[in-house]
Structures are given as C-alpha cells and as structure tokens.
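Structural features, examined
Below are the chains, spelled out letter by letter.
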Amino acid sequence: MSNPDELLVAISAAVESERSNQMSLTVVVGGAVITGRLAPEAVWRERVAEVLKDSDRLGPFAGVFSRDQRGSRPGRDEAPTHLHFHLARILQGSLGIPETGGMYRVAIKDVSAWSVGDLSYSDR
C-alpha cells in the first residue's frame with residue numbers, strides 16, 4: 001500500500017499503547033501470508049536481542065536491537081510504521097514456516113491485505 005491503511009495503523013498504535021501481545025493478525029506482504037501475534041516494538045526488540053545474545057556467531061548483533069533506537073522509533077504522537085510479529089509463521093500451503101513461530105517486522109505500507117486473527121488461532 002502506498003498509503004498505509006489507517007485502521008491497521010490504529011491497531012498497531014493500540015498494541016504499542018497497551019503493551020499487549022494478544023492481538024492476532026494475518027497480513028499479505030509481497031505475496032507472502034504471515035500470521036501471528038503483534039507485539040509492541042520494545043518487547044519485540046528485547047526478545048530478538050535475547051535470542052541473538054545466546055548465539056556464538058550472532059551475539060554481537062544483539063546490541064543493535066537492545067540499544068535505545070529513539071531516532072528510528074516513532075514518537076508518542078507519531079503513527080507506527082511497522083508491525084512487530086512474534087510467534088509468527090509464513091504460510092506455505094498447509095505448512096507454517098517456522099513451525100514454532102518466528103519474529104517478523106513488516107512495514108505497514110507494504111501490507112496489501114490483512115485480517116484480524118491468526119489462521120491457526122483458536123480460543124478453545
């Protein structure tokens with residue numbers, strides 16, 4: 001989308017303000033279907049940094065995610081520009097890759113379609 005969907009921006013802003021990771025969302029980006037739960041950016045960055053920190057080869061990159069990146073984050077009055085997924089999968093046929101879910105950052109402007117809910121999500 002050249003103009004980000006205002007409703008999707010509002011959903012992302014609500015996730016950021018509530019500090020909740022319970023909003024399930026499915027998006028289409030560049031033909032790929034990504035489904036999972038949204039997380040606030042700070043929580044997402046923290047989790048990515050934790051995973052990288054435990055890796056021998058990727059440990060040095062943890063600081064990029066854990067440092068204060070205020071210059072690249074929207075201010076309190078600015079609209080979010082990205083969705084931060086955790087426990088997310090790229091859907092390929094009947095498979096979700098990775099099976100356990102991953103961490104994805106998606107530019108809201110690149111989302112061509114979306115739906116509330118995780119395609120495998122169940123309240124039961």
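Read on for a plain summary of the structure. Model, not experiment: these values are computed from the prediction. (Residues numbered from 1 in each chain as written. Predicted model: local features only at pLDDT ≥ 70, side-chain atom pairs only at ≥ 80, totals over all residues. Heavy atoms only, no water.)

This part covers the environment of Lys 53. Counting through the fold element by element, Lys 53 comes out in helix H2 (residues 41-53). Judged by its relative accessible area of 57%, Lys 53 is exposed. Taking the C-alpha atoms as reference points, Lys 53 and Ser 66, 13 residues apart in sequence, are found 10.0 Å from one another. With sequence-adjacent residues up to four places away left out, Lys 53 is seen in contact with Gly 59 and Ala 62. (Helix = DSSP H or I, 4+ residues; strand = E, 2+ residues; numbered from the N terminus. Buried < 20%, exposed > 50% of the residue type's maximum accessible area, 1.4 Å probe, protein only. Contact = heavy atoms within 4.5 Å.)

Throughout the structure, instances matching the rule amount to 4 salt bridges. Note that Arg 45 and Glu 41 form a salt bridge whose closest N and O atoms lie 2.9 Å from each other. Of this pair, Arg 45 and Glu 41 are both found in helix H2, 4 residues apart, which corresponds to roughly one turn of the helix. Glu 41 sits in the buried class, given a relative accessible area of 7%. Residues Arg 89 and Asp 118 are paired through a salt bridge, measuring 2.9 Å at the closest nitrogen-oxygen approach. Taken as a pair, Arg 89 in strand E3 (residues 82-92) and Asp 118 in the segment after strand E5 (111-116) lie far apart in primary sequence, 29 residues in all. Just as Arg 89 is buried, Asp 118 falls in that class too. (Salt bridge = Lys/Arg side-chain N within 4 Å of Asp/Glu carboxyl O.)

Moving on, we come to the packing of aromatic side chains. Following the criterion strictly, the structure yields 1 aromatic pair and no others. With a centroid separation of 6.0 Å and 65° between ring planes, the pair formed by Trp 44 and Phe 65 is classed as edge-to-face. Highlighted residues: Trp 44 in helix H2 and Phe 65 in helix H3 (residues 62-66), separated in sequence by 21 residues. On the basis of relative accessibility, which here comes to 24%, the residue Phe 65 falls in the partly exposed class. (Phe/Tyr/Trp six-rings, centres within 6.5 Å; stacked < 30°, edge-to-face > 60°.)

The element strand E2 (residues 32-38) is extensively covered by neighbouring structure, given that 5 of its 7 residues are classed as buried. Pairing geometry for strand E1 (residues 24-29) and E2, over 6 bridges, is antiparallel. Within E2, the position partnered with Val 28 by the bridge is Val 33. Counting the residues that bridge the hairpin from E1 to E2 gives 2 residues, and of these Gly 30 lies at a positive phi of roughly 55°. Direction of pairing for E2 relative to E3: antiparallel, over a ladder of 5 bridges. For Leu 38, the partnering residue across the bridge sits in E3 and is Phe 85. (Pairing = 2+ DSSP bridges.)

This part covers empty space enclosed by the protein. Considering all chains together, one arrives at 1 cavity of 30 Å³ or more under this definition. Size it by volume and the largest cavity reaches roughly 30 Å³. Looking at the largest cavity, the residues that line it are Ser 12, Val 15, Glu 16, Leu 38, Ala 39, His 82, Leu 83 and His 84. Where the lining of the largest cavity is concerned, the elements lending two or more residues are helix H1 (6-18) and E3. (1 Å grid on protein atoms, 1.4 Å probe; cavity = no way out; pocket = protein on both sides within 12 Å on 5 of 7 lines; lining within 4 Å. Points joined across faces, edges and corners; volume = space filled by probe spheres on them.)

Further remarks concern H1. End to end, H1 covers 18 Å across 13 residues, agreeing with the expected 18 Å (1.5 Å per residue, within 8%). For H1, the complete set of buried residues consists of Leu 8, Val 9, Ile 11, Ser 12 and Val 15. All buried residues of H1 lie within an arc of 160° about the axis, which places them on one face of the element. For H1, the exposed residues lying more than 90 degrees away from the buried face are Glu 6, Leu 7, Ser 17 and Glu 18. As for H1, its buried residues are in contact with E1, E2, E3 and E5. For H1, the N-terminal cap is Asp 5; the gap from its side-chain oxygen to the backbone nitrogen of Leu 7 is 2.7 Å. (Expected span 1.5 Å × (residues − 1). Arc of directions from axis to C-beta. Polar contact = N/O pair within 3.5 Å; in protein donor to acceptor, adjacent residues only side chain to side chain.)

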